[in-house]
Amino acid sequence: MQVLFEDDGDLKVGTELSSTQSSCQVELAGGRRAKIKLGQVLLRFERPGGAALLQQAEQQASSVDLDFLWECAPQQEFGFQELAREYFGHEPAAVEAAAILVRLYSAPVYFHRKGKGRFRPAAPEVLRAALAAVARRREQDEQRALFVSELLAGRLPDPIRSQGAHLLLRPDKNSPQYKAVEQAAHELKTTALRLLLARGAIASPYAWHLESFLARCFPRGTGFVPAPPDPPPHDASLTLAPVQAFSIDESSTTEIDDAFSVSPGPDGWIRVGIHIAAPATAIERDDALDAVARARMSTVYAPGLKITMLPPAWIAAFSLDEGRIVPALSLYLDVNPAEPMRIESCVSRLERILIAANLRHDELAHAATESALTSPAPGLPFGAELSTLWRLANALLKQREAVRGRPEIVGRVDYSFELQGDAEQASVTIVPRQRDAPLDRIVAELMIYANSYWGRWLAQLGLAGVYRSQSAGRVRMSTAPAPHEGLGVEHYAWSSSPLRRYVDLVNQRQLLAAVRGQAPAYLKNDAQLFAIVSGFDAAYGAYGDFQQLMERYWCMRWLDQNAVRRIRATVLKGDLLRLDGLPMVVRVPGLPLLPRGRCVELEILGQDLLDLALDARLHRVLDTTVDDALEDNEATPDPERFAVPLEAIDPPAGVTPVPQDGAKL
């Protein structure tokens, strides 16, 4: 006796050797024996032989019209032999019954399995929807095949061109476009990203780096949509301070947060004013502008690119621009000029100030030298004031160094990137500048003092605030005051850049409440304050990573632009080196063990602007050694982390995607 049975969803035949009440043993065509349950047996027959039955049944099943078979089928559940009897009009032979069974198995859209050899026809509306879905899948498969052939032939189909980078940044993995790119990339033994770059769907590595960042952090664009309200007029009731304030910034700076003044004080002392732009006088907690700023958390900086935290009109209204009278939160220091200079008292005020000048680092750096500030030269703008601030900055630095227990590292270099032309084809100039130049030191030390003083003042008043601390080399943001070991201060609350950083705006609200004697905007244990800390950390970290990534990109563009084939480098640790004259570190596999600070010459073999990987090898070891390598507690970026996988496209934890279309200390 032959049996037709189901095994793992397939129809099989075999010769029945023995049986019990619940199972039987069969011998398959290849001679293998198997034990099956009686519930698996669908048909018993004598002829034809097992293999012949299936072959003949499949041939006959191919001629059975499915639509006609569906019309012949009962509307309720039925057995396949019942349908075979109805279809053929007589008691079906084994081959005929098996043919109907094979056809039923092959058409799950028309017939739903309900048990051992039993089926139920799909309802008409269900069948129509299923057939439409099958037709769509068939059409998509045809489209995918066409797209694959085009991609393999070196052409770019328009439906893929129109999606560009978004095909990978926000993928619909069921779309024929995505499947075609994945399949073509697999056949070409490359990645989907590199295939799209090669075919022109993504304009360039620069476009990919920028678009992938914007997709993560600004998925709805960088514009301010809907348009925010215009800033209100300044509070004319605020007292106009009797000082001439001036700022010190780069020429490219448009968000001028801070300015300084020097005037006579009581008892022969000198009164030094630190003046901070005061947007918190008009941006209240949870209003429309606050929501915009909270969503962005910070201005984004990268070479040739800036995405501001606040709309341009609001920046213009509160920026400390030359010739304007603007509201400011001022911290006045009464300084005893006797050496060593020391601060005798401090007072905070909300007032209006006149900005007499915007001094620029790049325009004054050659004139504002240490010797010129020690004995002010006649041609130096605000020479006497800068000289006083220079002496005060040095005194503050010595106080911090005493607390730190070690001197500040000097001689380190910052770099600015100047782009000429469109970003895709721009030429880049990388300009070094001593980090501890006199004007830099003045700004840094006075900002550190202001942030430290105001952080201590908030803590003394018992007001909530956002603090930045460092312990054991780890920097963190929190709502609890703690020492910043790297700076050598007991309290540190960012408050000096409210036009560019949201935590500074938050802290300014608290400081304004203290100055005015009003209720604070945030109470301790405020859930929103904790959320702000978490969100700011995530956003600020993501923006910083993007800035480093783009700086690395432009360093590599500079190497290519200048046809650099050999370059000096300094060993940092193991096979990690820092290129001389560039803010860029590279790994050189196989580098012999060399001491930290040893100088070498590298030969550049090639570079990958997508992964931002520089292929270099050691050319020779130089006899020189430098001791100004990275400070022990300064993070050294690993170049391998710039090769970001596509899985990292989702926003970092805590980052709120912006709903609209490196800052100073």
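A. Structural context of helix α16 (residues 438-461). Relative to the 34 Å expected for 24 residues at 1.5 Å per residue, α16 spans 34 Å between its end C-alpha atoms, a close match to the ideal helical length. Counting buried residues along α16, 19 of its 24 residues qualify, which places the element largely inside the surrounding structure. Two residues or fewer after α16 comes Gly 462, characterised by a positive phi angle close to 75 degrees.

B. Region of the structure containing helix α8 (residues 176-187). Between its first and last C-alpha atoms α8 spans 16 Å; for 12 residues at 1.5 Å apiece the expected length is 16 Å, and the two agree. The inward-facing, buried residues of α8 abut α5 (124-152), α6 (158-163), α7 (166-169) and α9 (192-199). After α8 finishes, the residue Lys 189 shows a positive phi value of roughly 55 degrees.

C. How the structure looks around empty space enclosed by the protein. Space inside the largest cavity adds up to approximately 40 Å³. Residue lining of the largest cavity: Tyr 206, Leu 210, Ala 302, Pro 303, Leu 305, Phe 546, Met 550 and Trp 554, and that is the complete set. Elements with a contribution of two residues or more to the lining of the largest cavity: α10 (205-217) and α18 (527-561). For the lining of the largest cavity, the leading source of residues is α18, giving 3 residues. Across the lining of the largest cavity, the residue classes tally to 8 nonpolar, no polar and no charged.

D. How the structure looks around the side chain of Ser 261. Mapped onto the elements of the fold, Ser 261 is located in strand β10 (residues 258-264). Among the polar contacts listed, one links the side chain of Ser 261 to the side chain of His 275, at a separation of 2.7 Å. For Ser 261, the contacting residues outside a window of four places in its chain are Val 243, Gln 244, Ala 245, Arg 271, Val 272, Gly 273, His 275 and Tyr 332.

E. Here's a closer look at the nonpolar core. Counting residues in hydrophobic clusters, the biggest one holds 127 residues, and the most contacted among them are Ile 442, Leu 579 and Leu 602. Residues contacting Leu 602, with those up to four places away along its chain left out, are Arg 565, Arg 566, Ile 567, Ala 569, Leu 577, Leu 579, Val 586, Val 588, Ala 616, Arg 617, Leu 618 and His 619.

F. Fine view of the sheet that holds strand β3 (residues 23-28). Spatial strand order, β4-β3-β2-β1-β5: 5 strands in an open sheet with antiparallel pairing. Each edge of the open sheet carries a strand with a single partner, namely β4 (33-37) and β5 (41-45). Each neighbouring strand pair of the sheet contributes to a mean axis angle of 40 degrees, computed without reference to strand direction. The pairing of strand β1 (residues 2-7) with β5 spans 4 bridges and is classified as antiparallel.

G. The arrangement of the packing of aromatic side chains in detail. Under the criterion given, the structure shown has 20 aromatic pairs. Seen in terms of ring centroids, Phe 218 and Tyr 543 are 6.1 Å apart; in terms of plane orientation they differ by 20 degrees. Their pairing is stacked. Placement of the pair is Phe 218 in the loop between α10 and β9 (240-249) and Tyr 543 in helix α18, with a sequence separation of 325 residues. For Phe 218, a relative accessible area of 2% translates into the label buried.

H. Region of interest: the pairing of strand β18 (residues 467-471). Counting buried positions over the 5 residues of β18 gives 4, a clear majority of the element. Here 5 bridges tie β18 to strand β19 (residues 474-478), and the two strands are oriented antiparallel to one another. Across the sheet, Ser 471 pairs through a bridge with Arg 474, a residue of β19. Hairpin remark: β18 followed by β19, antiparallel, with 2 residues in the connecting loop; positive phi at Ala 472, about 55 degrees.

The rules behind these values
Residues numbered from 1 in each chain as written. Predicted model: local features only at pLDDT ≥ 70, side-chain atom pairs only at ≥ 80, totals over all residues. Heavy atoms only, no water. Helix = DSSP H or I, 4+ residues; strand = E, 2+ residues; numbered from the N terminus. Expected span 1.5 Å × (residues − 1). Buried < 20%, exposed > 50% of the residue type's maximum accessible area, 1.4 Å probe, protein only. Contact = heavy atoms within 4.5 Å. 1 Å grid on protein atoms, 1.4 Å probe; cavity = no way out; pocket = protein on both sides within 12 Å on 5 of 7 lines; lining within 4 Å. Points joined across faces, edges and corners; volume = space filled by probe spheres on them. Nonpolar A, V, L, I, M, F, W, Y, C, P; charged D, E, K, R; others polar. Polar contact = N/O pair within 3.5 Å; in protein donor to acceptor, adjacent residues only side chain to side chain. Core = buried A, V, L, I, M, F, W, Y, C linked by side-chain atoms within 4.5 Å. Pairing = 2+ DSSP bridges. Axes fitted to C-alpha atoms, helices over the stretch in contact; angles between N-to-C directions. Phe/Tyr/Trp six-rings, centres within 6.5 Å; stacked < 30°, edge-to-face > 60°.

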